[in-house]
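Here is how the chains run, residue by residue.
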Amino acid sequence: MKSVKPLLEVKNLHTHFFTKAGVVRAVDGVSFDVKPGETIGIVGESGSGKSITAMSILGLIPSPPGKIVDGEINFKGDNLLKKTEKQMRQIRGKEIAMVFQDPMTSLNPVFTVEKQMVETILAHEKVTKKQAQQRAVELLNMVGIPDPKKRLKNYPHEFSGGMRQRVMIAMALSCNPSLLIADEPTTALDVTIQAQILELFKKMQKELDMAIIMITHDLGVVSEVCDRVMVMYAGKPAEFTQTKKLFDNGRHPYTTGLMNSIPKITPNKEKLQPIKGLPPDLRSLPQGCSFAPRCNHVMASCLTNDPTLSEVDDNHFVRCLLYEQSKKAVTT
Amino acid sequence: MSALLELKNVKKHFPLKSEKILSRDKPMLKAVDGISLSVKSGETLGLVGESGCGKSTAGRVALKLLEPTEGEIWFKGEDITNYKGEQLRKLRKEMQIIFQDPYASLNPRKTIEQTLAEPMKIFGMPKVERIKRIDYLLDVVGLSSYHKRRYPHEFSGGQRQRIGIARALSLEPELVICDEPVSALDVSIQAQVINLMEELQDEFNLTYIFIAHDLSVVHHISDRVAVMYLGKIVEVGESNELYTNPQHPYTQALLSAIPETNIHKEKERVILKGDLPSPANPPAGCKFHTRCPFAEEICRLQEPGLKTVSEGGQMAACHFAKEVMMEKVLT
């Protein structure tokens, strides 16, 4: 593999929330990188810290109670954690854009789509209002909204769910970002519409050559669009590798557990093999590996030693004691 | 074998606000527009479709939680369409429902014990028996008896869904309608609840109508599957047969849209154009023709009925069902 300079590098990120009930370690030691033009998937169940990772990158952690207590987020060589709020505002929406899960709550219901799109463009680009309006029409056309000139005058409620998500994507693309963070962008949509939107993501990425961080709980979505995937569990990465490797040869017991939990459409229906138990409380994580209480391969040492992310194979990182002896630990 | 539940040409229309106040014909939202189904005792019938296709309304009409506008509902060989009051109340014991949202369907001010006791109290079970049965039910769904003094907020989503299941089973029903019972749950928890539901079905000989939008979950749990589109059943059949050999273009598109977790399987994807039309103003002719890649003149004019398309009894409502099968256009 060629070594390309990463566009984004997250190093040992720790985002904690200091609540009355205790410290919630939402993100607790996450490291990964995104190369220009590639799609990274972050998968995990609710509470695994995938959305908080994204919000940390964008500098959108509500503080208090949230705080990034440790780590570095290098974007194009600059540490985003050292930027002022004013500088972040220049980056957010222009260099790094975001698409959220629920297009109804992330659009403002009292303004037309045109007003919202033009506002974004004017905030970041030195263009006239006319030019911004022209750009908005082009963008809506690009994301496949029929009759864009007329549709710009509509309010969000006049669009269907799938169309609203297209509007959100158009807005995110308005300043040609080099990184797009999509947080569960198809979760609220029906399958046939989801297929349309995933297709759109692939097409846009090709045309605009941007990197995408796709946050999802759906392994199917990951296999459709991602080049590499990070599986998260309880605020920590469990496994990080190429999509193909993850599906062919997933190593972490949590990854394999997740795959066995999904019903497959095959003629002989086998009983599902769920992961036993419940995800841990992030305020009082168990000592040792946080997955140990639910793991099928748990050993005595898992209950006391917290494994580190180590490279078990070329570009295949796993955080599990099963693989630790023979492999080199990754220094972060 | 006779059917436990049978719907005969059931319709449910909801009146909409008319723009013309004095207009005689009121606009109607045709949520369910003439469906016929029969569910055999002990089987699981899956009901799939996208949001707004009428699958939940169909489930509610079957339970008589909603009055059908037209058509008949038969339960255990009796026409229950016009049952009211006491008659209907007795029937409720035998048909129960599990809801999608385990957060909204439990009363936050009642302990689990109170929630579970309520249906038994209504049907006059003595207190001693009730207490015993609550412990038993909690055990059956994988919770412990010390959980009964707790309130819903003290449980996780998966545990709450287990409580919802325990409540539905408290009166020993024969038929349970499951309305998206696992779609609010994480994958690992979802698998636990699906397994539990399968075990309970075997143990208590339950009949399920399983309503969901997740096609792989429906395939996994169902013996037969019915696919709905804009208030109509467009295809119904034995689940393996329907999934391996779909005859209706909509079923084919739905199945091809599922994101594939097997990365080595290259599949041809049919991406449907456009959105679901509004059920308040459905297209004439075949309701799917506006999005169908094979639509022809006849589809715009005439509505196709369900016809048998395989020896296994699979039925599809498409003018070209047979031809689609022969040509295998999409595979």
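Owing to the predicted nature of the structure, the values given are computational and were not obtained by experimental measurement. (Residues numbered from 1 in each chain as written. Chains lettered and ligands numbered in written order. Predicted model: local features only at pLDDT ≥ 70, side-chain atom pairs only at ≥ 80, totals over all residues. Heavy atoms only, no water.)

This brings us to the packing of aromatic side chains. Residue and element names in this part refer to chain B. All chains considered together, the criterion is met by seven aromatic pairs over all chains. Relative to Phe288, the ring of Tyr229 lies with its centre 5.1 Å away and its plane at 85°, an arrangement referred to as edge-to-face. Remark: Phe288 occurs in the loop between α9 (249-257) and α10 (297-301) and Tyr229 occurs in strand β9 (residues 224-229); sequence separation between them is 59 residues. Exposure class is identical for Tyr229 and Phe288. Each is buried. Seen in terms of ring centroids, Tyr250 and Phe288 are 5.2 Å apart; in terms of plane orientation they differ by 65°. Their pairing is edge-to-face. Linking Tyr250 in helix α9 with Phe288 in the loop between α9 and α10, this pair joins segments that are 38 residues apart in sequence. On the basis of relative accessible area, Tyr250 is assigned to the buried category, the value being 0%. (Phe/Tyr/Trp six-rings, centres within 6.5 Å; stacked < 30°, edge-to-face > 60°. Helix = DSSP H or I, 4+ residues; strand = E, 2+ residues; numbered from the N terminus. Buried < 20%, exposed > 50% of the residue type's maximum accessible area, 1.4 Å probe, protein only.)

All names here are of chain B. Judged by pairing direction, the sheet is antiparallel, and its four strands sit side by side in the order β2-β1-β4-β5 without closing on themselves. Each end of this open sheet is capped by a strand with a single partner; those strands are β2 (28-40) and β5 (78-79). As paired elements, strand β4 (residues 70-75) and β5 share two bridges and run antiparallel to each other. The partner of Trp74 across the bridge, within β5, is Asp79. Sheet contacts for helix α1 (residues 55-62): β1 (3-15), β2 and β4; angle to β1, the most-contacted strand, approximately 120°. (Pairing = 2+ DSSP bridges. Contact = heavy atoms within 4.5 Å. Axes fitted to C-alpha atoms, helices over the stretch in contact; angles between N-to-C directions.)

Attention shifts here to the pattern of salt bridges. All names here are of chain A. In this structure the tally under the stated criterion is 32 salt bridges over all chains. Its salt-bridge partner being Lys76, residue Glu95 comes within 2.7 Å of it at the nearest N-O pair. A residue pair is termed long-range when its members are at least 10 positions apart, and Glu95 in the loop between α2 (85-91) and β6 (96-99) and Lys76 in the loop between β4 (66-75) and β5 (78-79) qualify at 19 residues. The partly exposed category is assigned to Glu95, whose relative accessible area is 25%. Note that Glu85 is salt-bridged to Arg92, the shortest N-O span being 3.4 Å. Under the relative-accessibility criterion, Glu85 is labelled partly exposed at 41%. Judged by its relative accessible area of 18%, Arg92 is buried. (Salt bridge = Lys/Arg side-chain N within 4 Å of Asp/Glu carboxyl O.)

Let us now look at the interface of chain B and chain A. The partner chain A presents 42 residues to the 38 residues of chain B that form the contact. Approximately 3500 Å² of surface area, both sides summed, lies buried where chain B meets chain A, with 59% of it carried by carbon and sulfur atoms. For the interface between chain B and chain A, the tally reads one salt bridge. In this structure, Lys271 of chain A engages Glu199 of chain B in a salt bridge whose closest nitrogen and oxygen atoms are separated by 3.2 Å. In this assembly, chain B and chain A are joined by 15 residue pairs in polar contact (both at pLDDT 80 or more). At the level of elements, α6 (187-204), α7 (215-221), α8 (239-244) and α9 of chain B are the ones that each hand at least two residues to the side of chain B that touches chain A. For the side of chain B that touches chain A, the element with the highest residue contribution is α6 of chain B, accounting for nine residues. (Buried area = accessible area lost by both parts, 1.4 Å probe. Polar contact = N/O pair within 3.5 Å; in protein donor to acceptor, adjacent residues only side chain to side chain.)

Next up on the list: the sheet that holds β9 of chain B. All names here are of chain B. The eight strands are arranged β6-β7-β8-β3-β9-β10-β12-β11 in an open sheet whose pairing can be described as mixed. The open sheet has two edge strands, β6 (95-98) and β11 (307-308), and neither has a second partner. As judged from the four bridges shared by strand β3 (residues 44-48) and β9, these two strands associate in the parallel manner. Note on β9: the bridge partner recorded for Gly46 is Val225. Taken strand by strand, α9 contacts β9 and β10 (232-238), and its axis lies near 105° from that of β9.

Before going further, it helps to spend a moment on a nonpolar patch on the surface. Residue and element names in this part refer to chain A. Residues Phe18, Val23 and Val69 make up a contiguous nonpolar surface patch of about 220 Å² in total accessible area. Inspection of the secondary structure puts Val23 in strand β2 (residues 22-34). Look at Val23 and you get partly exposed, because its relative accessible area is 30%. (Patch = residues over 30% accessible without salt bridge, like charges linked within 9 Å, V, L, I, M, F, W, Y side chains within 5 Å. Areas by Shrake-Rupley, 256 points an atom, 1.4 Å probe, with all protein chains shown as cover.)

We now examine the packing of helix α4 (residues 113-124) of chain A against helix α5 (residues 129-142) of chain A. All names here are of chain A. α5 packs onto α4 with a crossing angle of 115° between their chain directions and a minimal axis gap of 9 Å. Note that α4 runs across α5; the crossing there is right-handed. Here Glu114, Met117, Val118, Ile121 and Leu122 of α4 come into contact with α5, specifically with Lys129, Ala132, Gln133, Arg135, Ala136, Leu139 and Leu140. In terms of residue class, the contact of α4 with α5 is made up of eight nonpolar, one polar and three charged. (Left-handed = near helix turned anticlockwise from the far one by under 90°. Nonpolar A, V, L, I, M, F, W, Y, C, P; charged D, E, K, R; others polar.)

Residue and element names in this part refer to chain A. Relative to strand β12 (residues 316-318), strand β11 (residues 310-313) is paired through three bridges, and the arrangement is antiparallel. Bridged to Asp313 within β12 is His316. Between β11 and the antiparallel strand that follows it, β12, lie two residues; Asn315 among them carries a positive phi value of about 55°.

So, about the environment of Tyr155 of chain A. All names here are of chain A. Along the polypeptide, Tyr155 turns up in the loop between α6 (148-151) and α7 (161-172). Exposure remark for Tyr155: the relative accessible area of 34% places this residue in the partly exposed category. Along the primary structure Tyr155 and Ser178 are separated by 23 residues, whereas in three dimensions their C-alpha atoms are 28 Å apart. Ignoring anything within four residues of it in the chain, the contact list for Tyr155 reads Pro109, Val110, Phe111 and Thr112.

The subject of this paragraph is the confidence of the model for chain A. On average, residues of chain A score 88 in pLDDT, and 97% of them are at 70 or above. Per-residue pLDDT stays below 50 along residues 327-332 of chain A; that stretch engages in eleven contacts with residues further than four places along the chain or on separate chains. (pLDDT = per-residue confidence, 0-100.)

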